[in-house]
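Observations on the three-dimensional arrangement
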Amino acid sequence: MDTSRTLVVPPDAAGGPPRIRKASLFVAEGPGRGRRIPIPGDSFSIGSAVGNDLRLEGDAAVSRRHCRIVADGRDGYGIEDLGSTNGTFVDGVRVAHAFLDAGARIGLGGTVLEFSPQEDSRELELSERESFGAAVGSSPAMRRVFRLAESYAPTDATVMLAGETGTGKEILAREIHAHSPRAKKPFLVIDCAALSPDLVESELFGHVKGAFTGAAADRPGVFEAADGGTVFLDEIGDLPPSLQPKLLRVLENREIRRVGSNGVRKVDVRVVCATNKRLDEEVNAGRFREDLFYRLSVVSIELPPLRERPEDIPALVAAFARRLHGPDAEKELGDLASALPALRRHAWPGNVRELRNLVDRAFYSPRRPVDLAAALAAGRAGARGPDAASAPPAFPDGALPFKEGKARLLDEWERRYFTDLLRRNGGNVSASAREAGIERAYLQRVARRLGLRP
């Protein structure tokens with residue numbers, strides 16, 4: 001809804017920070033009818049569970065983490081479904097994500113909420129800086145990220161970093177550690193998705209000699225080794241369910257028990273975690289403990305994909321050129337302004353990591369000045385074949401029966417469409433479904449049928 005942009009107040013003549021009109025929700029139907037609830041911040045969660053900003057506990061058709069309303073300085077207010085069982089509806093239409101206009105009616109189970117902007121406005125909480133250590137960006141979305149990082153890095157608060165693959169979650173985690181009082185202590189990383197399920201517990205908590213086959217000596221886990229510092233749990237959404245209550249105990253009691261031991265050891269660590277999954281959806285589906293989710297997301301920071309902040313591309317290109325090829329590397333870049341249209345059009349399924357690799361690859365080419373647009377085109381042609389994007393599906397043999405020929409043509413079209421859709425979104429099923437305007441479960445069924453691997 002483009003009219004939602006009227007909710008953003010233009011900066012004043014002095015060039016102050018962007019402002020957004022305050023808003024509230026009115027319960028028009030369902031339990032709590034007649035209540036009015038203000039939306040005080042930039043993210044507002046709604047569901048039946050404790051911990052939501054608005055708890056709808058009297059409506060059995062509302063999921064535990066049902067949806068959230070998000071405000072930004074570009075689009076006003078938007079609503080996003082969090083993998084709810086019965087869906088989120090805006091003015092009668094089921095949505096995965098939608099902008100909210102004044103008077104929009106939001107349906108959740110048997111509850112209807114009316115969205116009401118107000119006349120007065122508030123400042124969006126953005127950093128005055130365009131970087132946070134090695135993390136770079138001048139867009140409002142990234143300055144919002146930097147503002148949260150600046151505020152909570154000096155504390156011991158547990159931080160959850162969410163975002164697609166390649167958006168820079170580990171870089172931000174390292175900078176949060178570097179800007180904290182623990183900076184001189186260890187920063188240790190565990191990739192929960194890369195470890196064997198049989199080894200995760202030992203890696204996290206350690207083991208004693210003889211605890212299992214191959215345990216030839218006592219060995220501390222990452223929590224002991226990082227004592228005084230920070231543990232970064234990457235891809236926390238892949239932590240096996242059997243270990244989730246044990247991690248919860250570590251967070252609550254600050255003590256661990258090595259595998260094969262009955263004794264407990266006190267540890268002093270800060271936990272920062274990251275995921276490219278929608279943990280709200282995992283909670284609703286019963287694959288991730290709700291109490292652990294709330295314990296890990298004391299502070300939640302979502303890193304936007306690069307395609308949603310193309311204004312950051314020039315600064316990122318300059319930073320990567322200097323970082324990878326020396327302080328004078330920018331002088332070797334060609335006319336970046338002429339390359340920007342192609343860079344902005346690209347979907348960046350690999351996000352900032354993909355841009356970094358592009359800059360690196362372009363500098364290794366003998367071509368000078370460095371032409372990023374040409375390197376991008378060459379990379380796409382090499383990855384997909386020179387005519388892959390434009391080649392139509394092969395027309396079926398006219399001798400085939402009509403139904404069989406139609407089915408073959410449709411299957412080929414679906415295969416190319418969904419292959420390209422998943423590629424653009426880095427294999428992320430939820431993001432792909434939102435872009436295509438289809439249900440996540442439907443996309444998963446199609447992917448399985450076509451043999452695609454999200």
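Scroll up for the structure.
All of these numbers come straight from a predicted model, not from anything done at the bench.

Below, the discussion takes up the nonpolar core. Across soluble globular proteins, you tend to see nonpolar side chains buried next to one another. Among the nonpolar cores identified, the biggest contains 29 residues, and Leu-204, Phe-223, Leu-233, Ile-236 and Leu-296 are the most heavily contacted of them. Counting residues per element, the ones that place at least two in this core are helix H3 (197-205), helix H4 (222-225), strand S17 (230-234), helix H5 (244-253), strand S20 (270-275), helix H6 (279-284) and helix H7 (290-296). Contact partners of Leu-204, with chain neighbours within four places excluded, come to Ile-190, Gly-221, Val-222, Phe-223, Leu-233 and Leu-239. Counting 27 residues, the second largest nonpolar core, distinct from the first, contains Ile-39, Ile-46, Leu-54 and Val-95.

Moving on, we come to the packing of aromatic side chains. Applying the stated criterion across every chain yields a total of 5 aromatic pairs. Judged by centre distance (6.1 Å) and plane angle (20°), the ring pair of Phe-187 and Phe-232 falls under stacked. One end of the pair, Phe-187, is in strand S16 (residues 187-191); the other, Phe-232, is in strand S17, and 45 residues separate them in sequence. A relative accessible area of 15% places Phe-187 in the buried class. According to the relative accessible area criterion, Phe-232 is buried, its value standing at 0%.

A few words on the side chain of Asp-42. Along the chain, the position of Asp-42 falls in the loop between strand S3 (36-39) and strand S4 (43-47). Other than its neighbours up to four places away in sequence, Asp-42 contacts Ile-69, Val-70, Ala-71, Arg-122, Leu-124, Glu-125 and Arg-144.

Bringing the side chain of Arg-278 into the picture now. For Arg-278, the location among the structural elements is in the loop between S20 and H6. When its relative accessible area of 14% is taken as the criterion, Arg-278 is described as buried. Setting aside its immediate chain neighbours within four residues, Arg-278 contacts Arg-68, Glu-80, Leu-82, Glu-302, Ser-430 and Arg-434.

The subject of this paragraph is the packing of helix H8 (residues 313-325) against helix H10 (residues 351-364). Helix packing for two helices is described by the angle between their axes and how far apart those axes are. Running from N to C, H8 and H10 cross one another at 55°; their axes reach a closest spacing of 9 Å. The angle between the axes of H8 and H10 places the two elements in the oblique class. For the pair H8 and H10, the crossing hand works out as right-handed. Where H8 approaches H10, its residues Ile-313, Leu-316, Val-317, Phe-320, Ala-321, Leu-324 and His-325 are matched on the opposing element by Val-352, Leu-355, Arg-356, Val-359, Asp-360, Phe-363 and Tyr-364. Here the contact of H8 with H10 is composed, by residue class, of 11 nonpolar, 1 polar and 2 charged.

Turning next to the sheet that holds strand S6 (residues 67-72). Sheets are built from strands paired through backbone hydrogen bonds, the pairs being either parallel or antiparallel. With respect to topology, 5 strands assemble into an open sheet ordered S5-S4-S6-S7-S10, the strand pairing being mixed. Edge positions in the open sheet fall to strand S5 (54-55) and strand S10 (97-99), since each of these has one partner strand only. Bridge analysis of S6 against strand S7 (residues 76-81) gives 6 bridges, and the strand direction is antiparallel. Its bridge partner being in S7, Ala-71 is matched across the sheet by Tyr-77.

Conventions used here
- Residues numbered from 1 in each chain as written.
- Predicted model: local features only at pLDDT ≥ 70, side-chain atom pairs only at ≥ 80, totals over all residues.
- Heavy atoms only, no water.
- Core = buried A, V, L, I, M, F, W, Y, C linked by side-chain atoms within 4.5 Å.
- Buried < 20%, exposed > 50% of the residue type's maximum accessible area, 1.4 Å probe, protein only.
- Helix = DSSP H or I, 4+ residues; strand = E, 2+ residues; numbered from the N terminus.
- Contact = heavy atoms within 4.5 Å.
- Phe/Tyr/Trp six-rings, centres within 6.5 Å; stacked < 30°, edge-to-face > 60°.
- Axes fitted to C-alpha atoms, helices over the stretch in contact; angles between N-to-C directions.
- Parallel < 35°, antiparallel > 145°, perpendicular 65-115°, else oblique.
- Left-handed = near helix turned anticlockwise from the far one by under 90°.
- Nonpolar A, V, L, I, M, F, W, Y, C, P; charged D, E, K, R; others polar.
- Pairing = 2+ DSSP bridges.

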